[in-house]
Amino acid sequence: MSAVKQGHGQWSSRMGFVLAAVGSAVGLGNIWKFPYMVGQSGGAAFVAVYLVCIALIGLPIIVAEWMIGRRGQKNPINSMADLAEANGRSKGWVMVGVSGTLAGFLILSFYSVIGGWALSYLLDALSGGFSGMDSDAAGAAFNGMLGNPGSLTIWHTAFMALTAGVVALGVSGGLERASKILMPALGVLLALMVGYGAASDGFGRALEYLFAPDFSKLTGEVVLAALGHAFFTLSLGMGVMIAYGSYLGQKVNLLRAARTVAIMDTVIALGAGLAIFPIVFANGLDPAAGPGLIFVTLPLVFGKITGGVILGTMFFLLLTFAALTSAISLLEPSVELLQERTPLGRVGATVLAGVVIWALGIAALLSFNVWSDVLIFGNNIFDLLDKLTSKFLLPLTALGAVVFVGWCLNRDSVREELDLSSGGFALWNLVVRFVAPIGVIVVFVSSL
């Protein structure tokens, strides 16, 4: 096993690491996309399929990425380069680290724009800005925000500044401390909103929507959707988990930590459904409204119901926390790379990476207004960044990581690292060498 690199940041506790990893996994998609997928795809039947996909695809890949980071004790690119050399493998494996770091870099540029939307709506909720809105006004408010480059820039800048501020403080003082504050706060907010939902007329329908199994809905397309979400929900292929693994000591059991992260991620996503859908059903709204549900439909409801200012503030604070915990993880691989490959210290590396990502985010937000007619391969800049990362970089990076761990690392050292019996290790080999790679290939091909 690799020794801990002197001077390299380390998590101070297993719980801090797990909360940071959960924070990375829990993002904007957990708050609206997963609950909606569950409701539309068979309720508890979909959840069962999803959990099987997590076990066979998500867990092996997250363990593989953590293992690469922990054994390399460096940024994703250097970790891959060192491990390939140490195991007598091609230098080409370094591209796994390159593509992962690039993916996180590109995703944060447009993710920060959406995080800015959450901040903007948090202020609107807090100030009672939703009061008296009708459907036309709610739609006009969202479209007006998108059409205002100045306002989008301010909120994008504020969100990036928050993200960089946390990352600049280091691993234990920034990433870990923020996760120990933000994740429990997110949990409390979610519990309060579920409590509100439980007292509403729509709670029974929400329970049925999310948890009543309907096996007739389990088509091949639904199974593919479960497989895809199991892959994307754990922040795989972004360089994040390799970077987080590089700050990890040998005492943490990777398989147990991965199981904890997957369970907490799923519980929070289902909790979000129990918070949102009672409001949706009690007010006769469409649960399939997607992003529009968050930024158009719910503000309309918050403007009408009793206690809407408090509830709306809690919801958009929850959304902001979810966005921020993911954003700090997305910035980390680039900062770690700059720290280790340049003379820059932690703060300098964070500022440089943050500014470049911020500038790319400006291009992304302008695609909603003054650059709306600028198309590359038929896509505006925002959509191009989204498709390039989700359809290509993420699955290819994750595939490379799991194949490298499954086929290239020394078998005895991997078994020792995972602390498995001979039977357990045989099962691990089967999943990491065949099942998980095939699953990622299916995700990749179906997304195209």
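Here the structure is a predicted model, which means the values were calculated and not measured.

A few points about the overall build of the protein chain
Link 1 in the chain: Assigned secondary structure in the protein chain consists of 18 helices and zero strands.
Link 2 in the chain: Here the C-alpha radius of gyration of the protein chain, 21 Å, is about what a compact globule of 448 residues would show, namely 22 Å.
Link 3 in the chain: Taken along its principal axes, the extent of the C-alpha atoms in the protein chain is 65 × 50 × 45 Å.
Link 4 in the chain: A buried classification covers 58% of the 448 residues belonging to the protein chain.

Considering the side chain of Thr233
Link 1 in the chain: Structurally, Thr233 can be placed in the loop between α10 (220-232) and α11 (240-246).
Link 2 in the chain: Judged by relative accessible area, Thr233 falls into the buried class, the value being 5%.
Link 3 in the chain: Filtering out sequence-adjacent residues up to four positions away, Thr233 remains in contact with Ala25, Asn30, Tyr50, Ile54 and Asp265.

Some details on the side chain of Ser329
Link 1 in the chain: One can find Ser329 in helix α14 (residues 308-341).
Link 2 in the chain: A relative accessible area of 1% places Ser329 in the buried class.
Link 3 in the chain: In this structure the side chain of Ser329 is engaged in a polar contact, spanning 2.6 Å, whose partner is the backbone oxygen of Ser326.
Link 4 in the chain: In contact with Ser329, not counting residues within four places along its chain, are Ser24, Val240 and Tyr244.

Observations regarding the packing of helix α7 (residues 149-168) against helix α15 (residues 346-366)
Link 1 in the chain: Relative orientation of the contacting elements α7 and α15 amounts to 155°, with a least axis distance of 10 Å. With respect to each other, α7 and α15 are oriented roughly antiparallel. As α7 packs across α15, the resulting crossing turns out to be right-handed. Of the residues in α15, those in contact with Pro149, Leu152, Thr153, His156, Thr157, Met160, Ala164, Val167 and Ala168 of α7 are Arg346, Val347, Thr350, Gly354, Ile357, Trp358, Gly361, Ile362, Leu365 and Leu366.
Link 2 in the chain: In terms of residue class, the contact of α7 with α15 is made up of 12 nonpolar, six polar and one charged.

Rules of the game
Residues numbered from 1 in each chain as written. Predicted model: local features only at pLDDT ≥ 70, side-chain atom pairs only at ≥ 80, totals over all residues. Heavy atoms only, no water. Helix = DSSP H or I, 4+ residues; strand = E, 2+ residues; numbered from the N terminus. Rg over C-alpha atoms; globule rule 2.2 N^0.38 Å. Buried < 20%, exposed > 50% of the residue type's maximum accessible area, 1.4 Å probe, protein only. Contact = heavy atoms within 4.5 Å. Polar contact = N/O pair within 3.5 Å; in protein donor to acceptor, adjacent residues only side chain to side chain. Axes fitted to C-alpha atoms, helices over the stretch in contact; angles between N-to-C directions. Parallel < 35°, antiparallel > 145°, perpendicular 65-115°, else oblique. Left-handed = near helix turned anticlockwise from the far one by under 90°. Nonpolar A, V, L, I, M, F, W, Y, C, P; charged D, E, K, R; others polar.

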